[in-house]
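Each chain, letter by letter, is given below.
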Amino acid sequence: MTDIETTTVSEEGYATTSQVGDFELSIDATDETGPNPNAVLVADYASCFLPAFRVGGSKEGHDDLGTLQIDAEADIDDNDDLSAIRFAIHVEADLSDEELDAIVDRAEGICHVHAALKEELHAEISVHGNAF
C-alpha cells in the first residue's frame, strides 16, 4: 500500500507542476515561475520542523510556546547541491537555553524531513526565546 502519491509534469523548460493530493505545487529550477527545488526542500524542512518543535515543547512540559518562526538559510556548492542548512528559531515563550535545547533535541527526533536528510544536511539550529 502506498502512503504518498504525487504526479509531477514538465511541459517544457525547467518548470514543473506537482499534484500532491488536492494541492498543486509549482517548482522551477530557474526561479522564474516558482521557487527552485533546493529552496522548496529548505522550506519543507522548516515547515516540518516547526510542528515537531511544538510537539517537542509539549513533551517537555511547555504546552504554550506562542508564536514560532524559523528563519532558514542554506548554502549551495559549486554543483548546485545543498551543502549546509541553518535555522534560527524564534519562540514567543520565555524559556531558558536549556529548556529550548531540550525541545530542539526532541524536535530533531520527531521531524520526518530531518530524519530523511543525510546527516551533513541536518540544520544547524539556534533558538531565541522571548522573541515576540
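Residues numbered from 1 in each chain as written. Predicted model: local features only at pLDDT ≥ 70, side-chain atom pairs only at ≥ 80, totals over all residues. Heavy atoms only, no water.

Residue position: Val113 is located in helix α3 (residues 112–116). Given the relative accessible area of 14%, Val113 is considered buried. Taking C-alpha positions, Val113 is 6.5 Å from Cys48, a pair spaced 65 residues apart along the chain. What Val113 contacts, discounting residues up to four positions off in sequence, is Asp44, Tyr45 and Cys48. (Helix = DSSP H or I, 4+ residues; strand = E, 2+ residues; numbered from the N terminus. Buried < 20%, exposed > 50% of the residue type's maximum accessible area, 1.4 Å probe, protein only. Contact = heavy atoms within 4.5 Å.)

Overall, antiparallel pairing links the three strands, which are arranged β1-β2-β3 in an open sheet. Each edge of the sheet is formed by a strand with only one pairing partner; in this case those strands are β1 (6–9) and β3 (23–28). Neighbouring strand axes in the sheet, compared pairwise and without regard to direction, differ in orientation by 20° on average. In this sheet, β3 lies alongside strand β2 (residues 15–20) in antiparallel orientation, the contact comprising six bridges. Paired with Ser18 across the two strands is Leu25, which belongs to β3. (Pairing = 2+ DSSP bridges. Axes fitted to C-alpha atoms, helices over the stretch in contact; angles between N-to-C directions.)

As a further point, take the pattern of salt bridges. Using the criterion set out here, one finds four salt bridges in the structure. Measuring nitrogen to oxygen at the nearest pair gives 2.7 Å for the salt bridge that ties Glu60 to Arg106. Separated by 46 residues along the polypeptide, Glu60 in the loop between α1 (37–59) and β4 (68–76) and Arg106 in helix α2 (residues 97–110) bring together distant segments of the chain. We note a salt bridge from Arg86 to Asp75, for which the minimum N-O separation is 2.9 Å. Of this pair, Arg86 sits in strand β5 (residues 82–91) while Asp75 sits in strand β4, and the two are eleven residues apart along the sequence. (Salt bridge = Lys/Arg side-chain N within 4 Å of Asp/Glu carboxyl O.)

An ideal rise of 1.5 Å per residue puts 33 Å on 23 residues; α1 measures up with 33 Å between its terminal C-alpha atoms. Considered for burial, the residues of α1 that qualify are Val40, Val42, Tyr45, Ala46, Cys48, Phe49, Ala52, Phe53, Gly56 and Gly57. Residues of α1 that are buried make contact with β3, β4, β5, α2, α3 and β6 (124–128). Two or three places before Asn38, at the start of α1, stands the capping residue Asn36, its side-chain oxygen 2.9 Å from that residue's backbone nitrogen. With its phi angle positive at about 90°, Gly61 sits one or two positions after the end of α1. (Expected span 1.5 Å × (residues − 1). Polar contact = N/O pair within 3.5 Å; in protein donor to acceptor, adjacent residues only side chain to side chain.)

That is the geometry; function is a separate question.
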